[in-house]
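# Structure assessment
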Amino acid sequence: MDDESMDAETAGEVMTTKLSETARVARAALVDVAPEPGVSKPDPIMTAVAVRRSFGGITAVDVDRVEIQRGSITALIGPNGAGKTTFFNLMTGFDTPDTGTWAFNGQSLEKVAAHKTAGMGMVRTFQLTKSLTKMSVIENMKLGATGQTGEKWWNGLLPFRWTAQEKAIEARADELLARFKLDHMRDEYAGTLSGGQRKLLEMSRALMTNPQLVMLDEPMAGVNPALKQSLNQHIKGLRDEGMTVLFVEHDMDMVHDISDWVIVMAEGRIIAEGTPDQISSNPAVIDAYLGSHQGKSLLEDL
Amino acid sequence: MFANILDLPFDAILTQTLSAFFGVNAMYFAIAAIGLNVQFGYAGLLNFGQAGFMACGAYAVGMTTHYFDISFWWGIPIAVTYAVVFGLIMGIPTLRLRADYLAIVTIALAEVIRLVVRSVTFKKYFNGSDGINGFADTFRRVTPFDDAKRYKLYPFDTSNGTGATVLLLVVFGVIAVLAGRVLLGRFGRERSNRGVMWAVFAGASFLVVLVISSYVEYGGQSFKAIIVGWILAAVFGAFVFMLMRSPWGRVLKGIREDEEAVRSLGKSVYSYKMQALIIGGVIATFSGMMLSLDRGSVQPDNYSRDVTFYVLTALVLGGAAKVSGSIVGPMLFWGILSFTDVFLNSLFKEWGNQIGIFGWKFVSNSSQVGMIVQGMIGLMLVLLMVFRPQGLFGNRKEMALDGR
């Protein structure tokens, strides 16, 4: 156990040395924040208070208070069935809480429909990737842009009203595709992409909405290690561009590597918050998520 | 036995088949299929109530002239209003639900319309199952065609004046260019000499159209509906084509693929589905309007479930999510139906009031021919689904992506 925590510390030190400017700023802002559930952040972009949602007799989400710090990468971790995805759905309007208030940029989202959140600067991806298979990759991307004139049907009939905008959107889409190394698949059907490529497509399509807050639901699920590395870089790149990232993930190495703050959920509640280092030594987390037998061989119990 | 197959009246068979290709039935099916394509092909809305929208148009026209006693032209805005209201009634409760619920509600609502207009209670408004009859005059007055004359589509036929010849040649030219474009998209995608290829395809199509036209003729009575109807079909086809190339069409296709993804990107899925339902419905309402104008009457039972499903069949035959598919599908549907019918009937007569081989008679009564025709249509559809599930103009690559 001691050996392992030593390793983690040295690894942490190595990482701090090559932290980017934005990462340093993000971590510095969170340095004085106490590592306890529901703690207030200096500059929250999203706040949820007393949000509850139950399905029948099961309370899926029961969050007293949670705030997401602007400009940081926040990880949301927890065992399966902890309510992470439900929490995502509640925040983005895909599901409605039974009680509670939640706000984005200080603006209440209580009566805001799911499709309006993207226009406000909040976009999400899905755990099961939703690529629009029978449309080309570039069409997928162009669909992501918000505020398109040609998306009104009467304007659709008048190409001169939207072709200029369309060109600008296409240029931006091509730029993003190049950044995510999907440009060679530009004109292929999205259905021909591999699982990992679809994750990349979904993320870059979400970026087409020019979001302030990007919510990624398990961006690494089913992605091979090499691609994981570049996805890590992409997510860090989002923070460098001034976006806030909230992501659900099970891969603890990745969480440790890229997140500035970690929120732990279990059985619908937030049981811990803190920096990655604080979280990995938190007994409550180890008990709920990593399991009390962590570090032992699976066979030892037998 | 097989020798006298050659004695069949092939000229008559060909004329009847080819005339059915562009006839009234194909025309009103095509308009309905263009509308259904917006809903089903592009937006993925399983609308099983297209007959309801068609009835809206038919009854609007029928009631305008017969009961309201106002100009025939008022029928058009009234029909559009009916269709919009019907679309709202249909869409508001169901578009938030899953696709299969929409299918159930649409089929039920279309039946509600039919049963209301044919009910005894409302007989004084809609005249029950007899429908509204005898308004053929109104349409006759606004079109320049003579009921007693027979019209031939062959441009150089002696019965056609110079004006008609030029007009027909221009129309054939446009059809040939469009057909050439479709063929180019299918066979010439990778070629470098696309311009030449297009010209060759268009020229060949022009010759084919010319040869076909020499067999096609209509009585003046149906000819006016055919001309007006196909013009409408062309206009709606162009309208849908433009829409589907625009960002609006892109959102619609996105909704067909995954509405949650589209919603997460900031589009109001509900509003787009409603727009698609209503636009498709308004187009379909013109289909019912044309049918009733052609017949000069409207009967509720012309707008029952089977019409919806035949239109759907014709659309799938042509290829969903393609404008060309929604126009050519109905043509083929009625062409094949008519060919089987005429061919079997001639055979029936030729073989001495029976059809059979090797002493096994499977048709011994002329009324059985119709059943065989229906059976053949079913068989044809099964074969189509097995060997070409994307339809004639559909995209095979798109189809192959299903279920991945």
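Computed from a predicted model, the values in this text were never measured in an experiment. (Residues numbered from 1 in each chain as written. Chains lettered and ligands numbered in written order. Predicted model: local features only at pLDDT ≥ 70, side-chain atom pairs only at ≥ 80, totals over all residues.)

### A look at the overall build of chain B
A tally of helices and strands in chain B yields 17 helices and four strands. Relative to the globule expectation of 22 Å for 404 residues, the C-alpha radius of gyration of chain B, 22 Å, shows essentially globular dimensions. Along the first, second and third principal axes, the C-alpha set of chain B runs to 65 × 65 × 55 Å. Buried positions account for 46% of the 404 residues belonging to chain B. Excluding contacts between residues fewer than 6 apart, the proportion of contacts in chain B whose partners are at least 24 apart in sequence is 75%. (Helix = DSSP H or I, 4+ residues; strand = E, 2+ residues; numbered from the N terminus. Rg over C-alpha atoms; globule rule 2.2 N^0.38 Å. Buried ≥ 20, exposed ≤ 12 C-beta atoms within 10 Å, placed from the backbone. Contact = placed C-beta atoms within 7 Å.)

### Focus on the interface of chain A and chain B
Interface size, as often reported, equals the accessible area lost upon joining of the parts. In this assembly, 30 residues from chain A lie in contact with 28 residues from chain B. Going through the elements one at a time, α4 (114-120), β6 (122-124), α5 (137-144) and α6 (153-156) of chain A are the ones with two or more residues in the side of chain A that touches chain B. Residue composition of the side of chain A that touches chain B, by class: 11 nonpolar, 10 polar and nine charged. (Nonpolar A, V, L, I, M, F, W, Y, C, P; charged D, E, K, R; others polar.)

### Describing the sheet that holds strand β5 (residues 107-108) of chain A
Strand pairing in a sheet relies on backbone hydrogen bonds. The paired strands run either parallel or antiparallel. Residue and element names in this part refer to chain A. Read across the sheet, four strands follow the order β2-β1-β4-β5 without closing on themselves; strand pairing throughout is antiparallel. The sheet is open, and its two edges are formed by β2 (58-69) and β5, each paired on a single side. Pairing between strand β4 (residues 99-104) and β5: two bridges, direction antiparallel. The residue of β5 that forms the bridge with Ala-103 is Ser-108. (Pairing = 2+ DSSP bridges.)

### Points about the sheet that holds strand β9 (residues 261-266) of chain A
Residues and elements named next belong to chain A. Ordered in space as β6-β7-β8-β3-β9-β10, the six strands form an open sheet in which the pairing is mixed. Looking along the sheet, the strands with just one partner apiece sit at the ends: β6 and β10 (269-274). For this sheet, the mean angle separating the axes of adjacent strands, direction not counted, is 15°. Packed onto the sheet, helix α9 (residues 225-240) meets β3 (73-77), β7 (213-217) and β8 (244-248) and runs at close to 150° relative to β8. (Axes fitted to C-alpha atoms, helices over the stretch in contact; angles between N-to-C directions.)

### Some words on the pairing of β2(A)
Here 10 bridges tie strand β1 (residues 44-55) of chain A to β2(A), and the two strands are oriented antiparallel to one another. Paired with A:Thr47 across the two strands is A:Glu67, which belongs to β2(A).

### Topic: the pairing of β8(A)
All names here are of chain A. Counted residue by residue, β8 has five buried out of five residues, so it is predominantly covered. Residues of β8 alternate between two faces, with Thr-244, Leu-246 and Val-248 on one and Val-245 and Phe-247 on the opposite face, all of them buried. Where β7 meets β8, five bridges bridge the pair, whose relative direction is parallel. Within β8, the residue paired with Val-214 across the bridge is Val-245. For the segment spanning β7, α9 and β8, crossover handedness is right-handed. (Right-handed = clockwise from strand over helix to strand, strands pointing away.)

### Side note on the environment of A:Asp62
Residues and elements named next belong to chain A. You can see Asp-62 is positioned in strand β2. Accessibility expressed as a C-beta count within 10 Å gives 20 for Asp-62, which makes it buried. With residues near it in sequence (within four places) discarded, Asp-62 still touches Arg-52, Gly-268 and Arg-269.

### Some thoughts on helix α1 (residues 10-21) of chain B
Residue and element names in this part refer to chain B. In this model, α1 (12 residues) spans 16 Å end to end at C-alpha, consistent with the 16 Å of a helix rising 1.5 Å per residue. When α1 is considered as a whole, its buried residues turn out to be Gln-16, Thr-17, Leu-18, Ser-19, Ala-20 and Phe-21. Elements that come into contact with the buried residues of α1 comprise α2 (24-42), α9 (194-213), β2 (217-219) and α15 (323-350). (Expected span 1.5 Å × (residues − 1).)

### Quick word on the packing of α1(B) against α15(B)
Residues and elements named next belong to chain B. Packing of α1 against α15 brings their axes to within 7 Å, and their N-to-C directions diverge by 155°. When the interaxial angle is binned, α1 and α15 end up roughly antiparallel. Crossing of α1 over α15 shows right-handed handedness. Where α1 approaches α15, its residues Ile-13, Gln-16, Thr-17, Ala-20 and Phe-21 are matched on the opposing element by Met-331, Trp-334, Gly-335, Ser-338, Phe-339, Val-342, Phe-343 and Ser-346. Tallied by class, residues from the contact of α1 with α15 come to eight nonpolar, five polar and no charged. (Parallel < 35°, antiparallel > 145°, perpendicular 65-115°, else oblique. Left-handed = near helix turned anticlockwise from the far one by under 90°.)

### Some remarks on unusual backbone geometry
Working note: non-glycine residues mostly have negative phi, and peptide bonds are mostly trans. Residues and elements named next belong to chain A. Residues other than glycine seldom take positive phi values, yet Ala-50 does so here, at roughly 50°. Topologically, Ala-50 is positioned in strand β1. The backbone phi angle of Asn-210 is positive, close to 55°, even though this residue is not glycine. Here Asn-210 shows up in the loop between α8 (195-207) and β7. The exposure class assigned to Asn-210 is partly exposed, which follows from the 15 C-beta atoms found within 10 Å.

### Examining the environment of A:Leu90
Residues and elements named next belong to chain A. With respect to the helices and strands, the residue Leu-90 is situated in helix α3 (residues 84-92). What makes Leu-90 buried here is the crowd of 24 C-beta atoms within 10 Å. For the pair formed by Leu-90 and Gln-69, sequence separation is 21 residues and the distance between their alpha carbons is 18 Å. With residues near it in sequence (within four places) discarded, Leu-90 still touches Val-51, Arg-53, Val-61, Asp-95 and Pro-97.

### So, the packing of α5(A) against helix α11 (residues 247-257) of chain B
Remark: α5(A) packs on α11(B), axes separated minimally by 10 Å, with the N-to-C direction vectors making an angle of 105°. In terms of their interaxial angle, α5(A) and α11(B) are classed as roughly perpendicular. Contacts from A:Glu139, A:Lys142 and A:Leu143 in α5(A) reach B:Arg250, B:Val251 and B:Gly254 in α11(B). Looking at side-chain class alone, the contact of α5(A) with α11(B) contains two nonpolar, one polar and three charged residues.

### Observations concerning the nonpolar core
In this structure, A:Val264, B:Phe29, B:Ala30, B:Ile31, B:Met290 and B:Val311 are the most contacted members of the largest nonpolar core, which totals 181 residues. Residues contacting B:Phe29, with those up to four places away along its chain left out, are B:Val311, B:Ala314, B:Pro330, B:Phe333 and B:Trp334. (Core = buried A, V, L, I, M, F, W, Y, C linked by C-beta atoms within 7 Å.)

### So, the confidence of the model for chain B
Caution is warranted with low-pLDDT regions, since their predicted coordinates should not be read in detail. All names here are of chain B. Overall, the predicted model of chain B reaches an average pLDDT of 87, with 98% of residues at or above 70. The spread of mean pLDDT over the elements of chain B runs between helix α17 (residues 396-400), the lowest at 73, and α2, the highest at 95. Here the complex is predicted with pTM 0.89, and the ipTM for its interfaces comes to 0.85. (pLDDT = per-residue confidence, 0-100.)

### A word on helix α8 (residues 162-187) of chain B
All names here are of chain B. With 26 residues, α8 should reach 38 Å at 1.5 Å per residue; the first-to-last C-alpha distance of 36 Å fits that figure. Regarding α8, the residues found buried are Leu-168, Phe-172, Ala-176 and Gly-180. Here the buried face of α8 lies against α9.

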